[in-house]
Amino acid sequence: MAFVSSGYNPAKPMENRITDIGPRKYDEFYPPVIKKNKGKWLYHEILQPGVLVHVAESGDEVYTVRVGGIRLMSVSLIREVCDIADKHCDGHMRFTTRNNIEFMVDSKDKVQPLVDDLESRKFDGGSFKFPVGGTGAGVTNIVHTQGWIHCHTPATDASGPVKATMDVLFDDFKNMRLPAHVRVSLACCLNMCGAVHCSDIAILGYHRKPPLMDHEYLDKMCEIPLAIASCPTAALKPGKMELEDGTSVKSIMVNEPRCMFCGNCYTMCPSMPLADTEGDGIVIMAGGKVSNRISAPKFSKVVVAFFPNEAPRWPQTTDCIQKMIEVYAADANKYERLGEWAERIGWERFFEKCELEFTHHLIDDFRDPAYYTWRQTTQFKF
Amino acid sequence: MAKHETPLLDQLESGPWPSFVSDIKQEAEARAKNEKGVEYQIPVDVCEDLLGILELSFKHGRTHWKHGGIVGVFGYGGGVIGRYCDQPEMFPGVAHFHTMRVNQPGGKFYTSEFLRQLCDVWDMRGSGLTNMHGSTGDIILLGTTTPQLEEIFFELTHTYNQDLGGSGSNLRTPADCVGEARCEWSCYDTQALCYDLTQEYQDELHRPAFPYKFKFKFDGCPNCCVASIARADIAFIGTWKDDIRLDQEAVAAYVGGEFPPNGGSHSGRDWGPFDIKKEVIDLCPTGCMQYADGKLAIDNKECNRCMHCISVMPRALRIGNDRGCSILVGAKAPILDGAQMGSLLIPFIKVEEPYDEIKEVIENIWDWWMEEGKNRERLGELMKRQGFQRLLEACNLKPDPRMVQEPRTNPYIFWKEDEVPGGFQRDINEFRKHHLR
C-alpha cells in the first residue's frame, strides 16, 4: 500500500506541531445521567452478578452492566463494544481499572435486553465475548501485563495464563458466593508492571537462571558501568574475557550465587538474557490487599516458589489457584479477605489446609525485612 | 488458511472466558478481507505474524522480543516503546512492533464516537491491536513501525485533540478511580484533580528529567480501587474529618432485612439473616461502634475511616462532609529493593481548585528527589536511604504521630548540632581540667 501522509512534514517537524495538550477532558465523555448526578450519589446495590444500580439524591438511577474484557483487544472487538453502546447506551461506556467494560443505562427496563445481547455474543472459537459478572464477593477480571505477546523480559506469558485461569474461575466470575472479593493479578516478571504485590492471589513470572553472557558483543552493545550499577545484589563486576579466537574483550563477570534473577541487568544490557525454557516459570503469591477496610493493606506472600511454564494452559498453576479459593470459600468468615483469613488461622494452618508444601524457598532471606517475617514468639499451632 | 500453524494457541480458543486468540484471529481475517478498503500502512498480515511468534514462544517457553530501540516522536522522550522481534525473517509483519501509549480520559469514560476514531487511526497505521488498558492506565496501541509514529502523533493531536502518555524516567500517565462520577464514597473529585495535575505537569510527563519513573494515582476513598497505596509514588486517597452521616431508619431497615448488606454483594450464598453485631460492630477495627435499643452509635473521634461499616450499610452510613485527601508517598513494586507500601506524609489536605497546596507538596518532593535521588532510584527507596526526616524537611512539614505506626524502637537518634545546647564544638583542654588523662 502507498504511504499516506497525515499532514506531518518530516522536513519541518516543528511546522504546525501540537504538543503537551494532555488527554481529552473526562466530562466530554460522561453519559448525561452521570453528568447530572456527579457528586450526588446516595447509594448503590448489586442487583445480580454483574449488574449494579447507583441511586442519586435526585432520584435518578444508573444501571451498570459489567462484563469481563480481554485487555488485549482488537479494533474489531472495540468497534463491537461501540455498536453495543450505540444500541443500548446512547454511545457511552467505560472501562474499569481491572480491564472490565461497563455499559450504563438510565432505567431498569433497559437492563435485561442489554444483558441478553451481551451474553449472546460469542467468538467463532466458542468463548464468550462479553461475559456479565465480576462484581461483589466473587472473582473479578485479572489485571495483567504483556508477557510473550510484547515484552522483552518476561518469565512467562500473560494473556495465556490469564485465559487459562479465568476459564477455571469462570463460575466465581459469574457468582458471588465467596466470603469477600478475590483479586487475582498476573505480572510476567518481577518488574511487576501489574503491581501484583498486593493481590489476594498473584501469578508472577520468575527467572531461575543467571544471565547468559554474550561476551563477544557485550562491550559493543552495552555501557558496562551502567549494567554493573543496575545489579541490586552487587553480583556483577567488570572483567576481561578471552574469546575462542584468542581476542580479549571487556565484559562483565557474574557472581552466580549472588544472583536473584531479577533481570535488571538485562534491562540495561541486551547481551545478558535470562530467558530459559526450564529456568523460567511461575511463583504463586497470596494474601495481599490494597484496601484499608478492617485491616491495613498487605503485601502478598510467596506460597509456591515455582511452577513450570506449561503452555498453553498452565494446569499446575490453575489447579493450585482453584484449590486455594475452594479452601478459602469453605473456611473463611464473611467479609474476611484471603490474607485476613490466613493470618487468623495462621500461615502454618494455611499451608496445611491448602495442601501446599512449605519449602525453604518460602522463608525470606532478602535483606532487613526478612527478619520481621520470622516467628519471634512461642505462639504457633501444631 | 492461516499463515502459521498455531496448535498450542488454538487450545486457548475453547472455554468460556473471552479468548484473545480468537480475537486476534478475527482481526487477522478482517485485515485480509479489508472490506472497507483501508490503506494499511503497516503489513496487512501483522496479526498473523504476531500469532506465529507467540506460538513460537509457547513452544520455546521464551519471549521472542528484543530490547526497545530509541524511537519516539520529536521533542518527547516518552510515550513510545520501541520493540523489535528476534525472528524478523520468519515474522516480517512484526519485525518492528512499537507501542504507543495514549493518555486515557479520566475515569476511563468514553463515547463510541471517540473510540471509533482511535480505531480508525490504529487500523490504518498500526496492528489494529490494543490494550484497553495498560497497567498504568493508558490506552496502549500495540505494534507499529517507526515511520508511522509521527503520522499517528500528528493525527492524534491535530484531528482528535489527544496526546500521548508517559514512559521512561518521567511522570507516568496519572490514573484515577471512577470517583464522584458514579460512586457515593468518593471524598473528592478524582477526575478533576487527576486532569488538572496531568495538564499542569505535561512537561514532566513527556520529557524524562527524573531519576526514574514517578506515578500519581487518585483514589476517592480508603477502599483504593486504583491501588494507589500500593503503586503510586504519590497516592491521593480521599478521606474526611467530621462525622459519618447516619440514618437510623435505614439502619433499622438493614437489621430488619429490608436492605441487603454490603450492597447485595454476598447474594451467591445463604449467609443467614444480617447480624449487625457480628457483621459490623465486632468487625470495626477501632471498636468505636455500639448498637443498643435499636440505635447505632458511632464514637466518630475514634473512627479510623476504614470503610467497613459504610460498605456493609451504604444506605444507612455515608462519608462525612468535611472532605479532602490523605497523601501517602513512596509506594512501588519490588524492583529493586523490595516492594514498598505508600507512607503517610499528609494526613489531611483540602482538595480545592486550583490545588496550589497540593502542587506545593508535589514540587517540594520532586526538588528533593531530583537533587538527591540516584539513577533509577524511586522516591520510596530514597526515603529509605535518607530517612523520613529528610522528606519532612524537604516538604517543610512538622512531624505528626499519625505518620508512624509506632515510634522508633532504637535510640540511635541523629541529633543535629543546633538541637543540642552549646553545639558540638568544645575545648578539650577545658574538659581535661576536670578529667585527667
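It should be emphasised that the depicted structure is a prediction, and the values quoted were computed from it without experimental measurement. (Residues numbered from 1 in each chain as written. Chains lettered and ligands numbered in written order. Predicted model: local features only at pLDDT ≥ 70, side-chain atom pairs only at ≥ 80, totals over all residues. Heavy atoms only, no water.)

1. Observations concerning the environment of Val-182 of chain A
Residues and elements named next belong to chain A.
Next up, step 1: Its location among the elements puts Val-182 in the loop between helix H5 (170–173) and strand S7 (184–187).
Next up, step 2: Between the alpha carbons of Val-182 and Lys-35 there is a distance of 31 Å; along the sequence they are 147 residues apart.
Next up, step 3: Non-local contacts of Val-182, meaning those with residues more than four positions away in its chain, are made with Gly-138, Val-139, Thr-140, Asp-200, Ile-201, Ile-325 and Tyr-328. (Helix = DSSP H or I, 4+ residues; strand = E, 2+ residues; numbered from the N terminus. Contact = heavy atoms within 4.5 Å.)

2. Topic: the interface of chain B and chain A
Next up, step 1: Between chain B and chain A, the contact holds 143 residues from the first and 138 residues from the second.
Next up, step 2: Buried surface at the junction of chain B and chain A, both sides included, amounts to about 12,500 Å², of which 59% is carbon and sulfur.
Next up, step 3: Of all residues in chain B, Trp-17, His-67 and Arg-182 of chain B bury the most surface against chain A, accounting for 8% of the area lost on that side.
Next up, step 4: Where chain B packs against chain A, one counts 11 salt bridges.
Next up, step 5: Among the ionic pairs, Glu-57 of chain A bridges to Arg-318 of chain B, the shortest N-O distance being 3.5 Å.
Next up, step 6: On the surface where chain B and chain A come into contact, there are 77 residue pairs in polar contact (both at pLDDT 80 or more).
Next up, step 7: Counting residues per element, the side of chain B that touches chain A draws most heavily on helix H4 (residues 112–125) of chain B, which supplies 10 residues.
Next up, step 8: Considered class by class, the residues forming the side of chain B that touches chain A number 62 nonpolar, 50 polar and 31 charged. (Buried area = accessible area lost by both parts, 1.4 Å probe. Salt bridge = Lys/Arg side-chain N within 4 Å of Asp/Glu carboxyl O. Polar contact = N/O pair within 3.5 Å; in protein donor to acceptor, adjacent residues only side chain to side chain. Nonpolar A, V, L, I, M, F, W, Y, C, P; charged D, E, K, R; others polar.)

3. Focus: a negative patch on the surface
Next up, step 1: A grouping of Glu-352, Asp-356, Glu-357, Glu-360, Glu-363, Asp-367, Glu-371 and Glu-372 of chain B is seen on the molecular surface, where their side chains present a negatively charged patch.
Next up, step 2: Mapping Glu-357 of chain B onto the fold places it in helix H12 (residues 356–372). (Patch = residues over 30% accessible without salt bridge, like charges linked within 9 Å, V, L, I, M, F, W, Y side chains within 5 Å. Areas by Shrake-Rupley, 256 points an atom, 1.4 Å probe, with all protein chains shown as cover. Lys, Arg positive; Asp, Glu negative; His and termini not counted. Charge placed at Lys NZ, Arg CZ, Asp CG, Glu CD.)

4. Some thoughts on the state of the cysteines
Next up, step 1: Applying the stated criterion to the full structure yields one disulfide over all chains.
Next up, step 2: Here Cys-222 of chain A pairs with Cys-269 of chain A through a disulfide, and the sulfurs are 2.1 Å apart. Across the S-S bond of Cys-222 of chain A and Cys-269 of chain A the torsion is about 65°, and the bridge reads as right-handed. Here Cys-222 of chain A is found in the loop between helix H6 (215–221) and helix H7 (224–229), whereas its partner Cys-269 of chain A is found in the loop between helix H8 (264–268) and strand S11 (281–286), with 47 residues between them in sequence.
Next up, step 3: Taking the relative accessible area as the measure of exposure, Cys-222 of chain A reaches 8% and is therefore buried.
Next up, step 4: Not engaged in a disulfide, the cysteine Cys-82 of chain A finds its nearest cysteine sulfur in Cys-119 of chain B; these two sulfurs lie 5.8 Å apart.
Next up, step 5: The exposure class assigned to Cys-82 of chain A is buried, which follows from its relative accessible area of 0%.
Next up, step 6: Its sulfur unpaired, Cys-395 of chain B is 14 Å from the next cysteine sulfur, which belongs to Cys-325 of chain B. (Disulfide = S-S within 2.5 Å. Buried < 20%, exposed > 50% of the residue type's maximum accessible area, 1.4 Å probe, protein only.)

5. Side note on the nonpolar core
Next up, step 1: Ranked by size, the top nonpolar core spans 182 residues in total, and within it Phe-103 and Phe-350 of chain A together with Phe-216 and Phe-236 of chain B carry the most contacts.
Next up, step 2: It is helix H3 (residues 46–60) of chain B that provides the largest number of residues to this core, a total of eight residues.
Next up, step 3: Core analysis: the second largest hydrophobic core is formed by 29 residues, Trp-240, Ile-244, Cys-303 and Met-307 of chain B among them. (Core = buried A, V, L, I, M, F, W, Y, C linked by side-chain atoms within 4.5 Å.)

6. Some details on the pairing of strand S6 (residues 100–105) of chain A
Residue and element names in this part refer to chain A.
Next up, step 1: Of all six residues in S6, six are buried; the element is thus mostly enclosed.
Next up, step 2: Neither face of S6 is open: one carries Asn-100, Glu-102 and Met-104, the other Ile-101, Phe-103 and Val-105, and all of them are buried.
Next up, step 3: Sheet topology note: the strand S3 (residues 61–68)/S6 ladder contains six bridges and is antiparallel. Following the sheet pairing, Gly-68 is matched in S6 by Asn-100.
Next up, step 4: As judged from the two bridges shared by strand S5 (residues 92–95) and S6, these two strands associate in the antiparallel manner. Among the inter-strand pairings, Arg-94 is bridged to a residue of S6, identified as Glu-102.
Next up, step 5: What sits between the antiparallel neighbours S5 and S6 is a turn of four residues, in which Asn-99 has the positive phi angle 65°. (Pairing = 2+ DSSP bridges.)

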